[in-house]
Amino acid sequence: MKLKGSEIIVETLIEQGVDTIFGYPGGAVLDIYDALYMRSDRIRSVVTAHEQGAAHAADGYFRATGKVGVVIATSGPGATNLVTGIATAMLDSVPMICITGNVGTPLIGRDSFQEIDITGVTLPVTKHNYFANNIEELAADIREAFQIARSGRPGPVLIDVPKDIQTTLYEWEKQDPLPLIEQRKASDEEIKEAAKLISESKRPYFYVGGGSIGAGVEDMVQQAAEKVDGVIGCSLMGLSCVPTDNPRFLGMQGMHGHYASSKAQDMADLVIAVGIRFSDRATGNKKRYKQNFKIVQLDVDFAEINKNIPVECGIYGDVNDAFRRIMDLVPAAKHPDWMKAVDQLKKEEKEQQDALEEEAKTMTPKEVVGIINRFTDKDTVIATDVGQHQMWAAQYINFRKPRTWASSGGLGTMGYGLGAAIGCAIGSGHKTVLLTGDGSFGMNLNELATAVSQNADVTIVIFDNNTLGMVRQWQTLFYQKHYAGTTLNRKTDFVKLAEAFGLKGYRAVDKESFRRAFSAAYKTQGPALVDVMIDQNAFVLPMLPPGGSIDDIIVDIEEPEEADQ
Amino acid sequence: MSQTDKTNKFTIAVYVDNKFGVLTRVTSMFTRRGFNIDSLTVGETENPAYSRITLTMSGDGYARDQMLNQLRKLINVRKVQVLEPEKSVARELLLLKLANDPSVRQDVLMAVNVYRASIIDYSPDALSIEVTGAPSKIDAFIELMRPFGIIEMCRTGLVAINRGSSTIFKDGQ
């Protein structure tokens, strides 16, 4: 049948299984929005307050569902507003389809109104992108974009469609989505080599990252750790892969990782890294990171093998297949000494935590997260912004199953959380709890409007300390308590703000008031907000100082004197 | 990985889709990853659907492997191959303009003859020379001409191809 370009876009999205798009209308996508309007029984259009929020929502939609998120924005500023959202997705390997309108082809290159070279702008932050100036290739480009976004190491793909292409008629027929590009299977030699290293290990440490969730190895990792008497740690992106209550799971390692997890990794003789890219926040000083252990690295992306940390055995391709075949060859083992050492680390960690709790004069962030844990269930999705609250969430949230975690890891995007949480809630159909800070929340709080208009089931908890806590923490430790730019002195009343946007807001100052406020907010069908007051001098601990190693771990910080400004 | 390798010069052939913007994708990746390129040439191939980029870079084995990996990740890159100096032939073309000075003309013509270069333009006040060869030959020729007063010059950068029946399709990654 003959369709207009804009109809081809929407029909092809539907053909690819898309049921929801996030976006914002504008001059260069009027035709696409018209095509969406005519198909509103088959595809839901979520209009956000700002294109950045739409991009984060599409990102959160994927993280909570495993289905590709789609975002639509108009030309010029609409398109550039997506960039932070696209870069966030790129750094965390989140598949996303971004469709932007552009001015008509006769106007391209003339600095026309709202014209921007968005394929040029997004070149370094997309897995691939298309300037779709040919109606004959439009549907094929979109189909290929889905294949590229989802195959191998996922990532965002952008398609820029000039306005006249959207109105051109062309033949279109429904097709089956292209299959995922098949990933290389490891050779038997590689499998044997990895199996040999694991069999010889006396202190195995399984280290799971975001790629382990993509590879679907969550059960296998737990069985493997059981089989060879190993422990499991994760990166920020690997959270939710293994349930927090698995006794072999030590939690996140790295700059703000659990003491036991970081220490155990350092004491291990073999780290089996699954979908891990050894980011600087996870390794600290690369020269001092790997002092005692060997590494078996499994990753879907060949370019990650040996990129950041040299490994003894690197296998790329189909991680699920490789991991299964390796573990089939490894005999069961018991390592009582290793388990004893790990138990000792857990004990030390608990003592540190207890000491911090005792020192605290007011409610601690850990207690706030603990109260949240009492209300959430296995399906609750946790979203965060970036900063101290994000690390507290990473450390203390009780994860029960994969795809219940949406947090900006690689790019560290403050302002990510609210948009992402809306995408999580809409995509999964489950309650989503957003943990945010007053700094991050202030960046994109306009999306409260979207939460209300969509009645998104999001419970927002603002860890409010009236400062940019993470930066302040660094200033305390490394800048002689010069709190430059971080003491906000704002008078924003988040409870009134919530009410102004049309949702209920609560304020909490201690454990009891937080428990009551969170309970009420969480029971609300739809968005609600809790502003909880946190001590400015609450730190994220432990901490490996930047450029340091496990030997430099900081487990306690003396409380700073009053800020000198 | 061989991070301790000493710095070498590498020649890498890259077979890419002959599409709008592909060269930008490749060079943008160099900028983003901090790769330094000594020379880069691009041109058509036997198949109009593809272009071939030849690039040279200096670095250790780690830098070379990163370059290969990151090139291979680009969607429009089809094949990548390191061209080993002993197993490949490499050529460059130089165009060079000198003042047509009667006092040195004989020396210039002698050098042109020895280097199997050719005079491709001749006027009363200037002459232009073309020479092809391996980069070392081009370098030597330029040094030879320098005292005569080079007015203008340009070189194409390297193109290279494997010896024997080896091809980028058969032996590339």
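Small disclaimer: the values here were computed from a predicted structure and weren't measured.

Engineer: For this particular structure, what's the right way to read the overall build of chain B?
Structural biologist: Within chain B, the secondary structure is distributed over five helices and nine strands. The helix and strand sequence of chain B, counted from the amino end, reads β-α-β-β-α-β-β-α-β-β-α-β-β-α. With the C-alpha coordinates of chain B rotated into their principal frame, the extents come out at 55 × 40 × 35 Å. Looking at chain B as a whole, 23% of its 173 residues are labelled buried. Nonlocal contacts in chain B, meaning residues at least 24 apart in sequence, comprise 76% of its contacts between residues at least 6 apart.

Engineer: Where do I start with unusual backbone geometry in this structure?
Structural biologist: Excluding glycine, a negative phi dihedral is what most residues carry, and trans is how most peptide bonds are arranged. All names here are of chain A. The amide bond that connects Leu541 to the next residue, Pro542, takes the cis arrangement and shows omega of -5°. Among the secondary structure elements, Pro542 is positioned in the segment after strand 20 (528-533). Residues other than glycine seldom take positive phi values, yet Gln114 does so here, at roughly 55°. Inspection of the secondary structure assignment puts Gln114 in the loop between strand 5 (96-102) and helix 6 (118-121).

Engineer: Would you mind going over the domain arrangement of chain A with me for this structure?
Structural biologist: In many analyses, interface size is given as the accessible surface area lost on bringing the parts together. All names here are of chain A. In terms of domains, chain A is made up of domain 1 (2-171), domain 2 (188-343) and domain 3 (361-537). Taking only C-alpha atoms, the centre of domain 1 and the centre of domain 3 are 29 Å apart. At the junction of the two partners, domain 1 supplies 26 residues and domain 3 supplies 27 residues. Elements with a minimum of two residues in the side of domain 1 that touches domain 3: strand 2 (20-23), helix 3 (51-65) and helix 5 (83-91). If one sorts the elements of the side of domain 1 that touches domain 3 by residue count, helix 3 sits on top with 12 residues. Residue composition of the side of domain 1 that touches domain 3, by class: 10 nonpolar, 12 polar and four charged.

Engineer: Help me understand the sheet that holds strand 11 (residues 249-252) of chain A in this model?
Structural biologist: Sheet strands pair by backbone hydrogen bonding; their relative direction is either parallel or antiparallel. Residues and elements named next belong to chain A. Read from one edge to the other, the open sheet built from six strands follows the order 11-10-9-12-13-14, with strand pairing classed as parallel. Of all strands in the sheet, those bounded by a partner on one side alone are strand 11 and strand 14 (313-316). Looking at each pair of strands side by side, their axes are set apart by 15° on average, direction ignored. Against the sheet, helix 12 (residues 259-267) engages strand 9 (204-208), strand 10 (231-234), strand 11 and strand 12 (270-274), with an angle of about 105° to strand 11. The sheet strands contacting helix 15 (residues 319-329) are strand 12, strand 13 (294-299) and strand 14, and the helix crosses strand 13 at an angle near 135°.

Engineer: I tried to follow the sheet that holds strand 15 (residues 381-384) of chain A on my own but got confused; where do I start?
Structural biologist: Residues and elements named next belong to chain A. Reading across the sheet, the six strands line up as 16-15-17-18-20-19 and stay open at both edges, with parallel pairing between neighbours. The outermost strands of the open sheet, each flanked by one partner alone, are strand 16 (405-406) and strand 19 (504-508). The pairing of strand 17 (residues 432-437) with strand 18 (residues 458-464) spans six bridges and is parallel. Bridging across to strand 18, Thr436 finds its partner in Ile462. The strands touched by helix 18 (residues 388-396) are strand 15, strand 17 and strand 18; relative to strand 17, the strand with the most contacts, the crossing angle is about 135°.

Engineer: Explain the nonpolar core to me, please; I cannot follow it from the model alone.
Structural biologist: When a protein is soluble and globular, its nonpolar side chains tend to lie buried together. Within the largest apolar cluster, 181 residues are counted, with the highest numbers of intra-cluster contacts made by Val71, Met96, Val221, Val274 and Val461 of chain A. Among the elements that line this core, the one with the most residues is helix 7 (residues 135-150) of chain A, at eight residues. Counting 18 residues, the second-largest nonpolar core is a separate cluster that includes Ile53, Ala63, Met67 and Ala160 of chain B.

Engineer: Just to check I follow, could you spell out the interface of chain A and chain B for this structure?
Structural biologist: Taken together, the 10 residues of chain A in the interface contact 12 residues of chain B. When the residues that make up the side of chain A that touches chain B are grouped by side-chain class, the tally is six nonpolar, three polar and one charged.

Engineer: For this particular structure, what's the right way to read the pairing of strand 4 (residues 69-73) of chain A?
Structural biologist: Two faces, one strand: in a regular strand the side chains alternate between the faces of the sheet. Residue and element names in this part refer to chain A. Counting buried residues along strand 4, five of its five residues qualify, which places the element largely inside the surrounding structure. By the alternation rule, side chains of strand 4 split into Gly69, Val71 and Ala73 and Val70 and Ile72, which are all buried. Strand direction decides the pairing type here: strand 2 and strand 4, joined by two bridges, are parallel. Following the sheet pairing, Phe22 is matched in strand 4 by Val71. The pairing of strand 4 with strand 5 spans five bridges and is parallel. Bridging from a neighbouring strand, Val71 pairs with Cys98 of strand 5.

Engineer: For this particular structure, what's the right way to read helix 5 of chain A?
Structural biologist: Two residues of an α-helix separated by three or four positions point the same way, owing to the 3.6 residues in each turn. All names here are of chain A. Counting buried positions along helix 5 yields seven of nine residues, so the element is predominantly enclosed. Those residues of helix 5 that fall on the buried side of the exposure criterion are Thr84, Gly85, Ile86, Ala87, Thr88, Ala89 and Met90. Next to the buried residues of helix 5 lie helix 3, strand 5 and strand 7 (156-162). Looking one or two residues beyond helix 5, the residue adopting positive phi is Ser93, at roughly 55°.

Engineer: Please explain the packing of helix 1 (residues 5-15) of chain A against helix 7 of chain A as it appears in this structure.
Structural biologist: Two quantities define a packed helix pair, namely the angle between the helix axes and the distance between the axes. All names here are of chain A. Orientation of helix 1 relative to helix 7, taken along the N-to-C sense of each, is 20°, at an axis distance of 10 Å. When the interaxial angle is binned, helix 1 and helix 7 end up roughly parallel. Once helix 1 is placed against helix 7, the crossing between them reads as right-handed. Contact with helix 1, carried on its side by Gly5, Ile8, Ile9 and Thr12, involves Ile135, Leu138, Ala139, Ile142 and Arg143 of helix 7 and no other residues of that element. Counted by class, the contact of helix 1 with helix 7 contains six nonpolar, two polar and one charged residues.

Engineer: Whenever I open this one, the environment of Gln390 of chain A confuses me. Can you help?
Structural biologist: All names here are of chain A. Among the structural elements, Gln390 can be located in helix 18. Take Gln390: there are 28 C-beta atoms within 10 Å of it, and that puts it in the buried class. Residues Gln390 and Gly437, spaced 47 residues apart in sequence, show a C-alpha to C-alpha distance of 8.4 Å. Beyond its immediate stretch of four places on either side in the chain, Gln390 contacts Thr384, Asp385 and Ser407.

Engineer: I would appreciate a short explanation of the pairing of strand 5 of chain A in the present structure.
Structural biologist: All names here are of chain A. Burial runs high along strand 5: seven of the seven residues are buried. Burial along strand 5 is two-sided: Met96, Cys98, Thr100 and Asn102 facing one way and Ile97, Ile99 and Gly101 facing the other are all buried. Pairing between strand 5 and strand 7: seven bridges, direction parallel. Its bridge partner being in strand 7, Gly101 is matched across the sheet by Val161.

Engineer: Would you mind showing me how to read the domain arrangement of chain B here?
Structural biologist: Residues and elements named next belong to chain B. Entries for chain B in the domain assignment read domain 1 (8-83) and domain 2 (89-159). For domain 1 versus domain 2, the separation of C-alpha centres amounts to 29 Å. Contacts between the two partners involve six residues from domain 1, matched on the other side by five residues from domain 2. Listed by contribution, the elements that provide at least two residues to the side of domain 1 that touches domain 2 are strand 2 (37-44) and strand 3 (50-59). By residue number, the principal contributor to the side of domain 1 that touches domain 2 is strand 2, which donates three residues. Considered class by class, the residues forming the side of domain 1 that touches domain 2 number one nonpolar, five polar and no charged.

The rules behind these values
- Residues numbered from 1 in each chain as written.
- Chains lettered and ligands numbered in written order.
- Predicted model: local features only at pLDDT ≥ 70, side-chain atom pairs only at ≥ 80, totals over all residues.
- Helix = DSSP H or I, 4+ residues; strand = E, 2+ residues; numbered from the N terminus.
- Buried ≥ 20, exposed ≤ 12 C-beta atoms within 10 Å, placed from the backbone.
- Contact = placed C-beta atoms within 7 Å.
- Domains from an automatic or database assignment.
- Nonpolar A, V, L, I, M, F, W, Y, C, P; charged D, E, K, R; others polar.
- Pairing = 2+ DSSP bridges.
- Axes fitted to C-alpha atoms, helices over the stretch in contact; angles between N-to-C directions.
- Core = buried A, V, L, I, M, F, W, Y, C linked by C-beta atoms within 7 Å.
- Parallel < 35°, antiparallel > 145°, perpendicular 65-115°, else oblique.
- Left-handed = near helix turned anticlockwise from the far one by under 90°.

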